[in-house]
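Given next are the chains, with one letter for each unit.
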Amino acid sequence: MTPDKSDLRPWVVVNMAMTADGKIATAGREVTTFGSPRDLRALYSLRATADAVLCGARTVEETGATLGNGGEAFLRRRIRAGLSEMPLRVVVSGRASLDPSAAIWKAKGSPIVVLISSEAPAGARKRLEPLADAVWVSPSKGLDLKSALAWLRARWGVQRLVCEGGGSLNAAMFRSGLVDELRVTLCPRVFGGNASPTIADGSPGILGNAFRLGRPEMRCHGGELYVTWKSVRAESTNGQSGKPRSLADGSRRPAPPR
Ligand SMILES: NC(=O)c1ccc[n+]([C@@H]2O[C@H](COP(=O)([O-])OP(=O)(O)OC[C@H]3O[C@@H](n4cnc5c(N)ncnc54)[C@H](OP(=O)(O)O)[C@@H]3O)[C@@H](O)[C@H]2O)c1
């Protein structure tokens with residue numbers, strides 16, 4: 001049976017740097033970048049395999065991320081892989097609170113798409129509309145990430161998406177069962193502090209019985225450990241990455257990689 005278009009979504013890879021004590025930034029958010037130059041190259045290499053990069057509003061504001069392609073060498077990789085020159089840039093901002101003066105708006109490149117909830121204040125939405133190439137409004141209460149991903153696939157042709165946090169967005173992605181792969185760079189630092197953000201933040205019990213990951217693949221470079229897990233569900237579909245997947249039928253095998 002051919003899958004309904006609305007059931008299709010991109011393959012989703014969450015990519016994060018984490019300290020040895022499980023933090024992704026300091027409590028006061030003073031330190032937000034702490035991976036090595038190699039880790040940064042790994043991030044750009046991963047982006048070079050993706051049609052789109054996804055981030056939460058606070059990450060975009062606090063880190064000044066512009067979600068580009070990482071420069072000429074990575075651009076060439078994208079072209080060789082048959083991708084556009086730059087990944088589509090997608091920012092989640094339920095209340096449309098994304099700062100109109102954030103660095104991302106000043107960085108020329110690929111289109112910027114903002115995903116907002118239907119309850120976002122009209123004024124905030126109006127401020128973003130002239131800046132963004134598209135503002136997607138969730139059809140149901142809150143922000144339905146599943147529908148958003150289906151729209152990104154149908155409207156923008158996004159088959160492979162890299163989600164780069166932060167913890168609030170990641171938690172929602174895990175909670176909605178929308179993560180196929182988790183890549184973590186474990187960095188030789190300890191930040192400490194109850195208030196320091198982690199890979200998946202939110203209220204206690206948010207993930208119920210936990211989001212389950214399969215067997216890790218690990219590489220060690222310098223002081224860093226690079227770990228990749230597929231979700232148990234993705235692994236059960238033979239662990240093939242980079243392919244469109246159907247939400248409707250978890251057992252359906254994805255198409256071949258590109
Ligand atoms: N170490 C790393 O690899 C790494 C990577 C990324 C980020 N970080 C760190 O993580 C921190 C930011 O994380 P964070 O958790 O505070 O923020 P975040 O996830 O980047 O952004 C949170 C905002 O995104 C929107 N959002 C996220 N999920 C949503 C959902 N399900 N529904 C509706 N809106 C949603 C909301 O915007 P509205 O307020 O507009 O509703 C929310 O306030 C920063 O300190 C950053 O440095 C670290």
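These lines cover the structure that appears in this document, whether it is placed above or below. (Residues numbered from 1 in each chain as written. Predicted model: local features only at pLDDT ≥ 70, side-chain atom pairs only at ≥ 80, totals over all residues. Heavy atoms only, no water.)

The next subject is the sheet that holds strand 8 (residues 181-187). Two pairing modes exist for strands in a sheet, parallel and antiparallel, and in both the strands are linked by backbone hydrogen bonds. Taken in spatial order, the nine strands line up as 6-5-4-3-7-2-8-10-9 in an open sheet, and their pairing is mixed. The open sheet has two edge strands with one neighbour each: strand 6 (134-137) and strand 9 (217-221). Neighbour-to-neighbour, the strand axes of this sheet turn through a mean angle of 20°, independent of strand direction. Relative to strand 7 (residues 160-163), strand 3 (residues 52-56) runs parallel, the two sharing three bridges. Considered in strand 7, the bridge of A52 is made with L161. (Pairing = 2+ DSSP bridges. Helix = DSSP H or I, 4+ residues; strand = E, 2+ residues; numbered from the N terminus. Axes fitted to C-alpha atoms, helices over the stretch in contact; angles between N-to-C directions.)

It is worth spelling out the nonpolar core at this point. In terms of nonpolar packing, the biggest core is built from 30 residues, with L54, V90, L115, L152, L161, C163 and M173 touching the most fellow members. The residues contacting L161, other than those within four sequence positions of it, are P10, W11, V12, V13, A52, L54, L149 and L152. (Core = buried A, V, L, I, M, F, W, Y, C linked by side-chain atoms within 4.5 Å. Buried < 20%, exposed > 50% of the residue type's maximum accessible area, 1.4 Å probe, protein only. Contact = heavy atoms within 4.5 Å.)

Here the bond from G165 into G166 is cis, since omega is 0°, no more than 30 degrees from zero. Note on placement: G166 falls in the loop between strand 7 and helix 6 (167-175). In this model, L67 sits at a positive phi of 60°, which is unusual for a non-glycine residue. For A96, which is not a glycine, the phi torsion comes out positive at approximately 60°. Note on placement: A96 falls in the loop between strand 4 (88-92) and strand 5 (112-116). For A96, a relative accessible area of 3% translates into the label buried.

For the rest of this paragraph, the subject is the environment of S168. With respect to the helices and strands, the residue S168 is situated in helix 6. Residue S168 is classed as exposed on the basis of its relative accessible area, which comes to 58%. As for S168 and A57, which are separated by 111 residues in sequence, their C-alpha atoms are 9.8 Å apart.

A word on helix 3 (residues 72-80). Among the residues making up helix 3, those that are buried are F74, L75 and R78. One face of helix 3 carries all of its buried residues, which in axial projection span an arc of 105°. Of the residues in helix 3, the exposed ones pointing more than 90 degrees away from the buried face are E72 and R80. Buried residues along helix 3 sit against helix 1 (37-47). Remark: G82 follows helix 3 within two positions and exhibits a positive phi of approximately 80°. (Arc of directions from axis to C-beta.)

Using the criterion set out here, one finds seven salt bridges in the structure. A salt bridge links R29 to E62; the shortest N-O distance between them is 3.1 Å. Residue R29 is found in the loop between strand 2 (11-19) and helix 1, and its partner E62 is found in helix 2 (residues 57-63); the two are separated by 33 residues along the sequence. Given a relative accessible area of 37%, E62 falls into the partly exposed group. (Salt bridge = Lys/Arg side-chain N within 4 Å of Asp/Glu carboxyl O.)

Most of helix 6 sits out of view: seven of its nine residues are buried. Within the sequence span of helix 6, burial applies to G167, L169, N170, A171, A172, M173 and F174. Buried-residue contacts for helix 6 involve strand 2, strand 3, strand 4, helix 5 (145-156), strand 7 and strand 8.

Bringing the packing of aromatic side chains into the picture now. Under the defined criterion, the tally for this structure stands at five aromatic pairs. Between F34 and F191 the ring centres are 5.1 Å apart and the planes differ by 80°, which places this aromatic pair in the edge-to-face class. Here F34, found in the loop between strand 2 and helix 1, pairs with F191, found in the loop between strand 8 and strand 9; they are 157 residues apart in sequence, far enough to count as distant. On the basis of relative accessible area, F34 is assigned to the buried category, the value being 7%. Measuring from centroid to centroid gives 6.4 Å for W151 and W156, while their planes differ by 75°, and the two rings are edge-to-face. On the accessibility criterion, W156 (24% relative accessible area) is partly exposed. Every member of this aromatic cluster is reached through a ring pair, and the members are W136, W151 and W156. It is R155 that lies over the ring of W156; its NZ or CZ is 4.3 Å from the centre. (Phe/Tyr/Trp six-rings, centres within 6.5 Å; stacked < 30°, edge-to-face > 60°. Lys NZ or Arg CZ within 6 Å of the ring centre and 35° of its normal.)

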